[in-house]
Amino acid sequence: MRRKDVLLWGGYLLLAGGSLYGAMQALGWGSSAQAWSSGILLLGCLGWVLHYLTRVTSGHMTFHHQKQVYEKEQLQEALNTLTPEAWQALQAELEAESEESSA
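Residues numbered from 1 in each chain as written. Predicted model: local features only at pLDDT ≥ 70, side-chain atom pairs only at ≥ 80, totals over all residues. Heavy atoms only, no water.

1. Remarks on the side chain of Ser37
Stage number 1. Relative to the assigned elements, Ser37 resides in helix H2 (residues 33-58).
Stage number 2. The class of Ser37 is buried, set by a relative accessible area of 5%.
Stage number 3. Once residues lying within four places of it in the same chain are set aside, the contact partners of Ser37 are Gly17, Leu20, Tyr21 and Met24. (Helix = DSSP H or I, 4+ residues; strand = E, 2+ residues; numbered from the N terminus. Buried < 20%, exposed > 50% of the residue type's maximum accessible area, 1.4 Å probe, protein only. Contact = heavy atoms within 4.5 Å.)

Spelled out as C-alpha cells, the structure:
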C-alpha cells in the first residue's frame, strides 16, 4: 500500500467517524454518541487487523501472490526459449531423477 493510499484510508476513517458521531447526535443519543461511534470504529479497525493477520499467516498477501505469478512467468519464458534438443535433455534428466527417487 502506498503512502497516498494510507492517507486516503485514514481520511475515510476520520470522515466515517465524524459522520457516525454526527448521525448519532442528530438522533438524540447525546452524551453516548462519542462512546458508541468510537467503539464501532475501534471494532472495525480490529476486524481489519484480524483480517490482515489472517492473510499474512495464510500467505494470501498481494506481494506473495504477485511474486508467485512472476516466478511462474519467468519459468514459462525460460521453457519457451529452450531448443528441442535442450527440452529433450531436460525431460530425460527429470525422468532419471524420478526413477532414482522411486527406486
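2. Notes on the packing of aromatic side chains
Stage number 1. Evaluated as defined, the whole model comprises three aromatic pairs.
Stage number 2. Seen from their ring centres, Trp9 and Tyr12 are 5.7 Å apart, and the 90° between their planes marks the pair as edge-to-face. In this pair, Trp9 and Tyr12 both sit in helix H1 (residues 3-26), three residues apart, roughly one turn of the helix.
Stage number 3. Given the relative accessible area of 48%, Tyr12 is considered partly exposed. (Phe/Tyr/Trp six-rings, centres within 6.5 Å; stacked < 30°, edge-to-face > 60°.)

3. Considerations on a nonpolar patch on the surface
Stage number 1. Taken together, the side chains of Trp48, Val49, Leu50, Tyr52, Leu53 and Val56 define a hydrophobic patch exposed on the protein surface, amounting to about 570 Å² of accessible area.
Stage number 2. Looking at the element boundaries, Val49 is found in helix H2. (Patch = residues over 30% accessible without salt bridge, like charges linked within 9 Å, V, L, I, M, F, W, Y side chains within 5 Å. Areas by Shrake-Rupley, 256 points an atom, 1.4 Å probe, with all protein chains shown as cover. Salt bridge = Lys/Arg side-chain N within 4 Å of Asp/Glu carboxyl O.)

4. Some thoughts on the packing of H1 against H2
The axes of two packed helices give the description: the angle between them and the distance between them.
Stage number 1. At a minimum axis distance of 9 Å, the contact between H1 and H2 shows a crossing angle of 145°. Judged by the sense of rotation from one axis to the other, the crossing of H1 with H2 is right-handed. On H2, the residues touching Leu13, Gly17, Leu20, Tyr21, Met24 and Gln25 of H1 are Ala33, Gln34, Trp36, Ser37, Ile40, Leu41 and Cys45.
Stage number 2. Taken together, the residues that form the contact of H1 with H2 break down as nine nonpolar, four polar and no charged. (Axes fitted to C-alpha atoms, helices over the stretch in contact; angles between N-to-C directions. Left-handed = near helix turned anticlockwise from the far one by under 90°. Nonpolar A, V, L, I, M, F, W, Y, C, P; charged D, E, K, R; others polar.)

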